[in-house]
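One-letter residues, chain by chain:
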Amino acid sequence: MMAPEGIGELRDLLFFLLLCLTLLAELLETTAASSQGPDGEGDIVCPSVCRCDEDFIYCNDRGLSAIPPLPPSATVLYLQNNHIDNVGLPRSLEHHTTVRVIYLYDNELDDFPMHLPPSLRELHLQDNNIRVLPRAALARLPLLEKLHLDDNSVSTVSIEDQAFSDNPRLRLLFLSRNHLSSIPSGLPASLEELRLDDNRISTIPTHAFRGLSSLRRLVLDGNLLANQRIADDTFSRLSNLTELSLVRNSLQTPPLNLPSAHLQRLSLQDNNLIHMPRGSLDGMRRLQRLDLSGNNLTTLPRGLFRDLESLGQLLVKGNPWHCGCNLRWLHDWLEAKGNTITVRGFICQTPERVRDMALRDLTNQMDECELAAAGGGGVGTGVGVGGNRVSGGAAGAISTTLPPPQGSLFTLRSKRPGLSLPETGLDYTLSSSGVGKNLALNVKPLSHNSIRVTWSVAQTSSSFRLSWLRLGTSSAMGSITETLVRGDRREYLLTSLQPASSYIICMVPLVSNSGSRSSLPGGDTEPNEVPVCARTETSDPGHTDDDGEDDSSDQMTSLPLAGIIGGATAIVSLALIIAIFCWYGHRAGHFTSRDRYNHGSSRKSKHCDDYIESGTKKDNTILEIRGPGFQMTPMATRQPLQPKPVREDYIIHTIFPSNGTGLHKPTQNMTNSGYGSNRGYREGGIPDIDYSYT
């Protein structure tokens, strides 16, 4: 039998062992629970309303109004397309230091979130209603690299000063479709991409992009930018810029001093570009894509693309291109590029004969420019007028009844004129016609901007060189305009001239050299004689009456003698008829001063207007007027009707107001009281009946 002390020690030992077994069981249970998967029973790691894929938590499109508890290992949170507002953002969110990306776009946030994880690298807040960007909230995100704030209500004044000063790693900032009126200030120097499209930005000062030397992509589409409100050196500071987009603004020319060293994409479509200055694309040797679509460009200056060695895409659709010799250089440039460049939209709108044709397809027309240049003139007219394209061999067979060619189509301005004209500083004694050894020239202005040139020759020539110069310009500067005219032509129409200007127009016949392509206009030719010149002036568009008088006088001088005599006879007959009419009117008393009593001060100058007006109305009713009037009764009413009477006789009865009073009260008292009755009127010499013949 054991002693009581041994039994007590055994009991204590058993109790200790039982305690150890209990602790071990608890430990094993905890370990087993933690080893269960995310779908295991009793798991609270992934929210029940969300779907978890390792560290990616998908809670988007769930209709949530608040962010549910998140597992501590989450790195990417998809919370877009919900109803989460600022109240639904828990403070505990800032303790999830493993979160790198949060998608909160298309929610109901009115303010920038304050309690976001400091480890955040990318934040999507677009399509909310955020108005203010506070520096304190952004300062909590020192590692932020990408910030999307599109489609909010951010304005320029709602961005606090130096709001991004505590975000030294920010590389991408999207502020599209907000309420910005200027470029935000205080942008971090680390910024590489900036989108400010579809705002209200109208002015860009010189310092707008100061310090953004790392910026590589800038989008300013859909703003209110115009050339006058962009500083000259605005974009030159962006030395590393590779893409610049200025679509849907109000630019008339590209901004000055565009960055050229690294620029690869330049978008200028849907502006109001009317001119591309020479040199505006100089130095852009890395440019790969140029978009000029949807503007008002008609031509491009020679050498505009001389530095575009890497250009692979040229988009120019939606412009009214004029495909004349002005674009010959571009045609050759595209031919030299071949398949290395894709061109879209280079469709000609004018001249009419090449409408809807691609510039690359105008090889024949551009060859004529070359032939004309070889001949010392502008363009050969081997292309038929009116839209008929003919080959060189058939050019000379075109009938001279065709409309004269237009001087404004396919015309070259030579830098060193091959045809010598008189000095512009002298007083010319040339007339509107000139006669040479084998050629007679006549010029005549047709309108304020066009002149018709006609000529006749003693012997046929293969072609003619026509040149014209507006006085007041120097021929040494290359202002002489020349063109080559086929030998079968005898007239030419110069258009697009300056109004109210004097022009010297010269022509010289050309003779083809032996062995040359004489059948082609603009072949190897040489002058046959000295130029025959004439001078004329275009009219002033503001004085068209003088021209009409001159034309009418010319027509009058060309009338035959019989026409003049007939016109004089008609004038005399008309005068005789008027005299007879006045005599009858005087006999009826219409021109006497007695009829003025009843017309008032406002109508004292009208003696018998009422009578004449009433007498012209063929009506059997009494015409009631304000003074004495007439009743017109046809005399032939009782006679048989005739088919078409040549003359109708009328009896004119004088109608006096009843009771001796007039319907119109005179402003002054009548001097003769006897006119108050019918007898008084008759005694005054006013007849009551007379005849009128029509």
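- Per an unreviewed UniProt entry, the recorded name for the protein chain is Leucine-rich repeat transmembrane protein FLRT1-like, and the organism is Cyprinus carpio.

### Here's the deal with the overall build of the protein chain
In step 1: In terms of regular secondary structure, the protein chain is built from 9 helices and 29 strands.
In step 2: Burial statistics for the protein chain: of 694 residues in total, 41% are counted as buried.
In step 3: Taking the contacts inside the protein chain whose residues are at least 6 apart along the sequence as the reference set, 57% of them involve residues at least 24 apart.

### So, the pairing of strand β20 (residues 450–457)
In step 1: Both strand β19 (residues 439–447) and β20 contribute to a ladder of 8 bridges, which runs antiparallel. If you follow P445 over to β20, its bridge partner there is I451.
In step 2: A loop of 2 residues connects β19 with β20, the two strands running antiparallel in sequence.
In step 3: Both β20 and strand β23 (residues 491–494) contribute to a ladder of 4 bridges, which runs antiparallel. Pairing of I451 across the sheet is with L494, part of β23.

### Comments concerning the state of the cysteines
In step 1: Evaluated as defined, the whole model comprises 4 disulfides.
In step 2: One disulfide bridge connects C50 with C59, the sulfur atoms lying 1.9 Å from each other. Here the S-S torsion is close to 110°, and the disulfide linking C50 with C59 is therefore right-handed. Side by side, C50 and C59 carry an identical accessibility label, which is buried.

### As for the environment of N199
In step 1: On the secondary structure map, N199 appears in the loop between β8 (193–195) and β9 (217–219).
In step 2: According to the relative accessible area criterion, N199 is buried, its value standing at 7%.
In step 3: Sequence separation between N199 and L224 is 25 residues, and the spatial gap between their C-alpha atoms is 8.2 Å.
In step 4: Not counting the four nearest positions on each side in its chain, N199 is found in contact with L175, S176, R177, N178, H179, L180, G222 and N223.
In step 5: For N199, the side chain forms a polar contact with the main-chain oxygen of L175, separated by 3.1 Å.
In step 6: A distance of 3.1 Å separates a polar side-chain atom of N199 from the backbone nitrogen of N178.

Criteria and thresholds
Residues numbered from 1 in each chain as written. Predicted model: local features only at pLDDT ≥ 70, side-chain atom pairs only at ≥ 80, totals over all residues. Heavy atoms only, no water. Helix = DSSP H or I, 4+ residues; strand = E, 2+ residues; numbered from the N terminus. Buried < 20%, exposed > 50% of the residue type's maximum accessible area, 1.4 Å probe, protein only. Contact = heavy atoms within 4.5 Å. Pairing = 2+ DSSP bridges. Disulfide = S-S within 2.5 Å. Polar contact = N/O pair within 3.5 Å; in protein donor to acceptor, adjacent residues only side chain to side chain.

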